[in-house]
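Topology and contacts: notes
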Amino acid sequence: MKRALFFAVLLLLSVSPILAEKISEVHIKIPGVRVTSDGSYQGLLADLYVEIHDGNGRTFVDTMPLTEVDTQAGARLARQVSCDLLADSADSVVDDCSKYDFFYIIRSEYSMIGGPSAGASMAVATMSAMLNKTINPYTVMTGTINPDGSIGPVGGILEKAYAVYLSGGKYFLIPKGQSKVYVPDTTTSQSFGWTFISSGVREVDIAGYAKANWGIDVVEISYSEYALPYFINYELVREDIGSIEFATEQYTQAMRKMADYLVFVAEGYVSVLRDASNSTELNQVYAVLAPQWLSAEETHLKEAVELYNKTQYYSAASKGVITASNSLYYFNLIQYEASSNKSKFVFDFISDVEKEIQDAENLIEKHVDSVYDIELLTVAYDRIKEAIDLIDRAKQYYMIRDYVNALGYSSLASIRKETSLIWASVTDDFTGNLDVVFEPSKMSSLALERFELAKSSVVYAELLTSGSFLNYASEGLSKAATALAKEEYVFALFEAIESRANANLAMELREATDEMIQERLSKKREDAIYAIHQAEKQGMLPILALSYLEYASEFSEDAPETALQFYAYSKEFAEIAKELSNALLGETSYSENTITINPTNIASFQYSNEIIVFSFLLGFAIGLAFVIIKVGL
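The structure presented is a predicted model; accordingly, all values stated were derived computationally and were not measured.

**Section: the state of the cysteines**
As used in these notes, a disulfide is a covalent bond between sulfur atoms, one from each of two cysteines. Evaluation of the coordinates by the stated rule reveals 1 disulfide. In this model, Cys 83 is linked to Cys 97 through a disulfide, with the two sulfur atoms separated by 2.1 Å. With the S-S bond torsion at -105 degrees, the cross-link from Cys 83 to Cys 97 turns out left-handed. A residue pair is termed long-range when its members are at least 10 positions apart, and Cys 83 in helix H2 (residues 69-88) and Cys 97 in the loop between H2 and strand S4 (100-107) qualify at 14 residues. In this structure, Cys 83 and Cys 97 share a single accessibility class: buried.

And the structure:
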């Protein structure tokens, strides 16, 4: 009886997705490559069917023959990208993809080489099914799908192009930058009765070759939505938000307050370094290095002031942090070198900073009276938990007697503590109609959700690529996991958000040319602005997203990949702004017209002055400026 009941339940579970009503279905050809019996490569076309059923947001993949796991991961990503793109379109008929189940069915006569090259086709097919459009059977596309909708590089394009020709295709869409390929080339020559055979490669322009020999048009496509006109004669247009001024008075005032404090602190720290550099008691090495350090930080301070005068307050504040960090770290090195007991010097410093962090955590006001306070306090808690993480690293270095690194990490922890307090202090500038206590524990579900998203992105990125962005992503994911275990949910949330952004960038920048990076800079900025606009429509003031948007522009010319990173952060934090409020307040409704701005008199900024006095009594600052550059203020 029990066995019969078991099989009955199993049968019900296996057929339940099929019983859900089918909303739409499309069929598309996807190209692949197989290895023949003689070891050569042959292009072929497989069939992809995408079905959408009533459901609850699940993704099903059915392949025959079996494919690699990256094909399955590509299907999940294609579904996510498609839902995001259509949700943002001006005339979208899709409101919530969680109402549907998505089925990806692949059928092929032969087993193809594993790879995610069907991802872009899956995205196009998904959007076509969601829009209930019929696909042009004479168009075929190859390319991976990236989280921002861009199309990534693949192999075997020449073989795939030939397969498209044999099938009667007219258009073959390929990733941008891949119309030139190199193929094996063997030449034979005769000399003095001897035959010489040399092997090499030659460049083939696929677009020209395919048009001349097979009559098909090969078109480079950079983003999946740009392929829609070729498949369904449809252009995806995002909602027009016009020329909106995002830097509102609320945002400007908050950033000006931070910049006033941090640039002023930087001036003081440069002064401390100047005094130490002019000392007649420096040893021979530091007598040479100290003036060079001072000159560099005076230049950085000048840059911070210039940014402030241009009203780029977040960038000025971040530059102030870098300047103060470097200046006081150098000062610490000078003091450390002059100390008669170096171990005790570093131990005492770490102990002092750890006590400061504990005191600062207790000082952060937990009362929330404005919806704007929620994001500010979330950032403040993230920065204080980051300071705790840094001081723990400093202790680890101290235990192995690496005193220089121990001093650097503990100095960085000290400045992170300061930025935590200044973020918290900005809540005084907003008044609303709320009366709740900020409880970080309420962020647990949101932190876990974002952690799982980040983990999926990192795992998928590891299948495709490597590099610095993936390293950042893996490190952030590890920190998020540790923070979750410690129930430090705000820190886990922020690390997960940045981890996912970096993993996505690792995929999006694979084999990207300078021209493609510039195109993506423009697109990333557009995506960030749109996300900020959506957050503001919901009554949010996404301060961190606005800050990162401003900060990214500082790197656009000299460090475009860093600019892309901060544009990605901007978009992610704009999208999380409403979720932060919902996590703390539930689905409470609120309106920005219930929030008032409390003008700040900079001349009587008592809170900042108290912190400055406290900081100078300690006499230490921060090192590891490269870390600050990556994380901003």
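**A short note on the pattern of salt bridges**
As enumerated under the stated definition, the model contains 34 salt bridges in all. Arg 107 is paired through a salt bridge with Asp 62; the nearest N and O atoms lie 2.8 Å apart. One end of the pair, Arg 107, is in strand S4; the other, Asp 62, is in strand S3 (residues 59-64), and 45 residues separate them in sequence. Owing to a relative accessible area of 31%, Arg 107 belongs among the partly exposed residues under this scheme. Overall, Asp 62 belongs to the partly exposed group, its relative accessible area being 36%. Measuring nitrogen to oxygen at the nearest pair gives 3.6 Å for the salt bridge that ties Glu 515 to Lys 176. Linking Glu 515 in helix H16 (residues 514-537) with Lys 176 in the loop between strand S8 (171-175) and strand S9 (180-191), this pair joins segments that are 339 residues apart in sequence.

**Here's the deal with the pairing of S8**
Successive side chains on a regular strand alternate, one facing one side of the sheet and the next facing the other. Among the 5 residues in S8, 4 count as buried, and that is most of the element. As defined by bridge partners, strand S5 (residues 139-141) adjoins S8 across 3 bridges and the pair is classed as parallel. Bridging across to S8, Thr 139 finds its partner in Tyr 171. Note: S8 against strand S11 (residues 217-221), 5 bridges, orientation parallel. By the bridge assignment for S11, Phe 172 is matched with Val 218.

**Focus: the sheet that holds S11**
Backbone hydrogen bonds hold the strands of a sheet together, and the pairing may be parallel or antiparallel. If you walk across this open sheet you meet the 3 strands as S5-S8-S11, and the pairing is parallel. Only two strands of the sheet have a single neighbouring strand rather than two, namely S5 and S11. Across the sheet, the mean angle from the axis of one strand to that of its neighbour is 25 degrees, orientation sign disregarded.

**Re the packing of helix H7 (residues 249-277) against helix H17 (residues 543-553)**
Closest axis-to-axis distance for the H7/H17 pair is 11 Å, and the angle between their directions is 70 degrees. Taken as axis vectors, H7 and H17 run roughly perpendicular relative to one another. Within the contact between the two elements, H7 uses Tyr 251, Ala 254 and Met 255 and H17 uses Ile 543, Leu 546, Ser 547 and Glu 550. Taken together, the residues of the contact of H7 with H17 sort by class into 5 nonpolar, 1 polar and 1 charged.

**Regarding the packing of aromatic side chains**
For any pair of aromatic rings, the description rests on two quantities: the centre-to-centre distance and the angle between the ring planes. Counted by the stated rule, this structure contains 28 aromatic pairs. Between Tyr 209 and Trp 214, the aromatic rings sit 5.3 Å apart at their centres with planes inclined by 85 degrees, giving edge-to-face as the arrangement. Each residue in the set Tyr 314, Phe 494, Tyr 548, Tyr 551, Phe 555, Phe 566, Tyr 569 and Phe 573 is aromatic and connected to the rest through ring pairs, giving one cluster. The side chain of Arg 238 reaches across the aromatic face of Tyr 530, ending 4.4 Å from its centre. The ring centre of Tyr 223 lies 4.7 Å from the NZ or CZ of Lys 523, which sits over that ring.

Procedures and definitions
Residues numbered from 1 in each chain as written. Predicted model: local features only at pLDDT ≥ 70, side-chain atom pairs only at ≥ 80, totals over all residues. Heavy atoms only, no water. Disulfide = S-S within 2.5 Å. Helix = DSSP H or I, 4+ residues; strand = E, 2+ residues; numbered from the N terminus. Buried < 20%, exposed > 50% of the residue type's maximum accessible area, 1.4 Å probe, protein only. Salt bridge = Lys/Arg side-chain N within 4 Å of Asp/Glu carboxyl O. Pairing = 2+ DSSP bridges. Axes fitted to C-alpha atoms, helices over the stretch in contact; angles between N-to-C directions. Parallel < 35°, antiparallel > 145°, perpendicular 65-115°, else oblique. Contact = heavy atoms within 4.5 Å. Nonpolar A, V, L, I, M, F, W, Y, C, P; charged D, E, K, R; others polar. Phe/Tyr/Trp six-rings, centres within 6.5 Å; stacked < 30°, edge-to-face > 60°. Lys NZ or Arg CZ within 6 Å of the ring centre and 35° of its normal.

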